[in-house]
Amino acid sequence: MKIMTAVLCLMVCLFINFQKLEAVRTLHSLFVQRGRSATVPCHYEEKYKSRVKYWCRGYSWDRCRILIRTNNLLDPNMETSISDDVTQRVFTVSMKNLQDKDSDVYWCAVDIPAGPDDKAYLTITVTPGPPELHAERSVFSGPVGGLVQVRCVYSGRLRSSEKRWCRSGTSVCLTAGSTFRLYKYTLHTDPHTGVLTVTIRDLQASDAGWYWCTGGDAQLPVYVSVSMETVLKGKMTTFMTTTQATTLVQTTAMKTTSTSETTTLLRKASLSQASQQTPLAAHSNGSLLTAQGHAESEEHRFPSLPILLKIPLAVMYLVCLAVAVKKHCEMNR
């Protein structure tokens, strides 16, 4: 038992240290239908915000060919483009009109002048028809305080595979059952259609970003956008800027809104403006899916997904630390 405990502690410590060493992170494999586009998120650490990032192609790192860099002047006619969002610490690479010849190993990389470049690789496979894991679009949107639903379609051998929903750039994942609920997240699997429906309620600015559905060896990146809108009594009101929000509130108050509702709208507008984040620089041309939901009071905000699912890891780490201290004391008696 003591040996098993020691091995478990070692594995946890190695896992934690390994996570710290991953300065650049991306998905592992992506399947794309021939003629379609693909967008790959590449996450990096804070220290690399001002560094040049680039996209490289080749099975071997020492022989890969650089396709594009963030310090290049972008040609709008190019089929490969790159953009860097330093706020979310992620650069995205978009590839248009993918063909069979584009199937290969690619690398997300950060240029380090004084040392070896940091990088992470993935495999892109172009398929003649829809891949076994796909979605209707790659960008889904919902209003602040509302909800968004993402539908990932699993077919073929992946229909019966374990289905997971992960926050891109982290090791945080939720595994779907027939219906799985965790605070603001609901995962529902339809065994007949092979569709995984992920619902995120009470959307906040911190929920915006890249996620992926995964099954077997396939991963599908999707972007969740949180629009600067607020839901009040089942109606959606858009706030562009603080000035426009104030004008809208005043106009609404003159027509149909009571004094208390006007105060609520103005307060929500200020909060939306204060929490606004840099939007995604480039995404697919698919239309945005907007789903409405009922807003909940600020006193009942739920913790974010990464925080919730890192609690068990932290508890395990503390248990391992306690076992190590106890073992040290026993050896020194």
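Below: a short report on this structure. Bear in mind the structure is a predicted one, so any value in this text is a computation, not a measurement.

Analysis parameters
Residues numbered from 1 in each chain as written. Predicted model: local features only at pLDDT ≥ 70, side-chain atom pairs only at ≥ 80, totals over all residues. Heavy atoms only, no water. Pairing = 2+ DSSP bridges. Helix = DSSP H or I, 4+ residues; strand = E, 2+ residues; numbered from the N terminus. Core = buried A, V, L, I, M, F, W, Y, C linked by side-chain atoms within 4.5 Å. Buried < 20%, exposed > 50% of the residue type's maximum accessible area, 1.4 Å probe, protein only. Contact = heavy atoms within 4.5 Å. Salt bridge = Lys/Arg side-chain N within 4 Å of Asp/Glu carboxyl O.

### Topic: the sheet that holds strand S15 (residues 179-182)
Part 1: Pairing is antiparallel across the open sheet formed by five strands, whose spatial order is S10-S12-S17-S16-S15. The outermost strands of the open sheet, each flanked by one partner alone, are strand S10 (133-134) and S15.
Part 2: Note that S10 and strand S12 (residues 148-154) share two bridges and pair antiparallel. Looking across to S12, one finds that His134 is bridged to Val153.

### Considering the nonpolar core
Part 1: Within the largest apolar cluster, 28 residues are counted, with the highest numbers of intra-cluster contacts made by Leu133, Val150, Trp165 and Ile200.
Part 2: Among the secondary structure elements, those contributing two or more residues to this core are strand S11 (139-144), S12, strand S16 (185-190), strand S17 (195-200), strand S18 (209-215) and strand S19 (218-232).
Part 3: When residues in this core are grouped by element, the largest group, six residues, is from S19.
Part 4: Among residues more than four places away in sequence, those in contact with Val150 are Phe140, Trp165, Leu196, Thr197, Val198, Val222 and Val224.

### Comments concerning the pattern of salt bridges
Part 1: Within the structure shown, the criterion is met by 13 salt bridges.
Part 2: A salt bridge links Lys101 to Asp102; the shortest N-O distance between them is 3.6 Å.
Part 3: On the basis of relative accessible area, Lys101 is assigned to the exposed category, the value being 61%.
Part 4: On the basis of relative accessible area, Asp102 is assigned to the buried category, the value being 10%.
Part 5: Note that Glu136 and Arg137 form a salt bridge whose closest N and O atoms lie 3.6 Å from each other.
Part 6: Residue classification places Glu136 among the exposed residues on the basis of a relative accessible area of 60%.
Part 7: Residue classification places Arg137 among the buried residues on the basis of a relative accessible area of 19%.

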